[in-house]
Amino acid sequence: MIEPLPETSPAAPPASVSATQGAYQAIRQMIITGELAPGEKLKIEHLKDRMKTGASPIREALTLLVSDQLVERLDQRGFRAAPVSQENFGEILKLRCALEDMALRDSLACGDNPWEEALVLAHHRMARVNGGELTTFETCHKAFHMALLARCRSPILLRYCSQLYDLNVRYRYLAARSRKYIRRDVAGEHQGILDAAVARDADLASERLLDHYQKTGTFLAETPDALQE
């Protein structure tokens, strides 16, 4: 059987879409990890040269990131990476704890064997990632956290949880600047959450998950300079 040519395949996305998505993922990663500092002005010409792509994909990617609240549009003056603050982190943490508690409890109540298998697999993939593989780890880390909530019956709630995860990630990187952060047993925290979820112990799973999130706030409080623009 003769395979269709790539350019005639309906599954092949337009080059402009691929370029925009590539720029979106790259800029998002730079903002999250702090390579682009909070409040830093994002000049299209600079990003275009840095990423070896056109101005249009960069502009479209920045517009998408405005919707994600990781970038701010400046009136007639371009874009900047969204600033950070203790107040902003506190709001994200409060909402995340409240909404994920609801989503997790509903997910555990509806959890079945396929859900449990997918959750265990997501944890296994995350645990296998080498610490230096930043992009891969972030993908697997989010996959694990969203797998916990996957059986929640509210698509809107899940969308909010996903967005709050993204907003929180950059604060986790800022918290990691604390000298004490290296002592944190993140792998142990994830294992404890998984064990409680698999046991369908909603109270314990929620307690461990929220404590996991609140630890970031503890380390941020120890590193107040990390929130200075």
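Residues numbered from 1 in each chain as written. Predicted model: local features only at pLDDT ≥ 70, side-chain atom pairs only at ≥ 80, totals over all residues. Heavy atoms only, no water.

Visitor: If you had to explain the pairing of strand S2 (residues 71-74) to someone new, which residues and values would you point to?
Guide: The side chains of a regular strand alternate, residue by residue, between the two faces of the sheet. As defined by bridge partners, S2 adjoins strand S3 (residues 78-81) across 4 bridges and the pair is classed as antiparallel. For Glu 72, the partnering residue across the bridge sits in S3 and is Arg 80. Linkage of S2 to S3, two consecutive antiparallel strands, is achieved through a turn of 3 residues, within which Gln 76 is found at a positive phi near 60°. (Pairing = 2+ DSSP bridges. Helix = DSSP H or I, 4+ residues; strand = E, 2+ residues; numbered from the N terminus.)

Visitor: Explain the sheet that holds S2 residue by residue, including any values.
Guide: Across the sheet, 3 strands lie side by side as S1-S3-S2; this open sheet has antiparallel pairing. In the strand order of this sheet, the two ends are held by strand S1 (41-42) and S2, each with one partner. This element, helix H3 (residues 55-67), spans S1, S2 and S3 of the sheet and lies at about 110° to S2. (Contact = heavy atoms within 4.5 Å. Axes fitted to C-alpha atoms, helices over the stretch in contact; angles between N-to-C directions.)

Visitor: Go over helix H9 (residues 202-222) with me, naming the residues and quoting the values.
Guide: Along its 21 residues, H9 runs 31 Å from first to last C-alpha, staying within 8% of the 30 Å computed at 1.5 Å per residue. If you check which residues of H9 are buried, you get Ala 205, Ser 206, Leu 209, Leu 210, His 212, Tyr 213, Thr 216, Gly 217, Phe 219 and Leu 220. Buried residues along H9 sit against helix H4 (86-110), helix H6 (134-149), helix H7 (155-175) and helix H8 (186-198). (Expected span 1.5 Å × (residues − 1). Buried < 20%, exposed > 50% of the residue type's maximum accessible area, 1.4 Å probe, protein only.)

Visitor: If you had to explain the confidence of the model for the chain to someone new, which residues and values would you point to?
Guide: Of all residues in the chain, 88% attain a pLDDT of 70 or more, and the chain-wide mean is 88. Confidence drops under a pLDDT of 50 for residues 1-13, and excluding neighbours within four residues, the segment shows 2 contacts in the predicted structure. (pLDDT = per-residue confidence, 0-100.)

Visitor: Lay out the environment of Asp 101 in plain terms, naming residues and giving numbers.
Guide: Relative to the elements of secondary structure, Asp 101 occurs in helix H4. Expressed as a C-alpha distance, the spacing of Asp 101 and Ser 206, which sit 105 residues apart in the sequence, is 5.9 Å. Residues within four places of Asp 101 in sequence aside, it is in contact with Arg 96 and Ser 206. One polar contact links Asp 101 to Ser 206, side chain to side chain, over a distance of 2.5 Å. (Polar contact = N/O pair within 3.5 Å; in protein donor to acceptor, adjacent residues only side chain to side chain.)

Visitor: Lay out the packing of aromatic side chains in plain terms, naming residues and giving numbers.
Guide: Overall, the coordinates contain 2 aromatic pairs when judged by the stated rule. When the centroid spacing of 5.2 Å and the interplanar angle of 45° are considered together, the rings of Phe 89 and Tyr 171 count as tilted. Here Phe 89 is found in helix H4, whereas its partner Tyr 171 is found in helix H7, with 82 residues between them in sequence. A residue is classified by how much of its surface remains accessible, and Phe 89, at 2% relative accessible area, is buried. The buried category is assigned to Tyr 171, whose relative accessible area is 0%. (Phe/Tyr/Trp six-rings, centres within 6.5 Å; stacked < 30°, edge-to-face > 60°.)

Visitor: How would you summarise the nonpolar core if you had to cite specific residues and measurements?
Guide: In this structure, Ile 27, Leu 62 and Leu 148 are the most contacted members of the largest nonpolar core, which totals 58 residues. Setting aside anything within four residues of it in sequence, one finds Leu 62 in contact with Ile 27, Leu 42, Ile 44, Leu 47, Val 71 and Phe 79. (Core = buried A, V, L, I, M, F, W, Y, C linked by side-chain atoms within 4.5 Å.)

Visitor: Before we move on, can you summarise the packing of H4 against H7 with the specific residues and values?
Guide: The description of two helices packed together rests on the angle between their axes and the distance between the axes. Remark: H4 packs on H7, axes separated minimally by 9 Å, with the N-to-C direction vectors making an angle of 145°. Of the two possible hands of crossing, H4 and H7 adopt the one that is left-handed. Taking contact as the criterion, the partners of Asn 88, Phe 89, Ile 92, Leu 95, Arg 96, Leu 99, Glu 100, Met 102 and Ala 103 in H4 are, on H7, Leu 157, Tyr 160, Cys 161, Leu 164, Tyr 165, Leu 167, Asn 168 and Tyr 171. Taken together, the residues of the contact of H4 with H7 sort by class into 13 nonpolar, 2 polar and 2 charged. (Left-handed = near helix turned anticlockwise from the far one by under 90°. Nonpolar A, V, L, I, M, F, W, Y, C, P; charged D, E, K, R; others polar.)

Visitor: Any details on the packing of H6 against H8? Residues and values, ideally.
Guide: H8 packs onto H6 with a crossing angle of 25° between their chain directions and a minimal axis gap of 11 Å. Here H6 is positioned roughly parallel relative to H8, judged by the angle of their axes. Viewed along their axes, H6 and H8 form a crossing whose handedness is left-handed. Of the residues in H8, those touching H6 at His 141, Phe 144, His 145 and Leu 148 are His 190, Ile 193, Leu 194 and Ala 197. Here the residues of the contact of H6 with H8 are counted per class, giving 5 nonpolar, 3 polar and no charged. (Parallel < 35°, antiparallel > 145°, perpendicular 65-115°, else oblique.)

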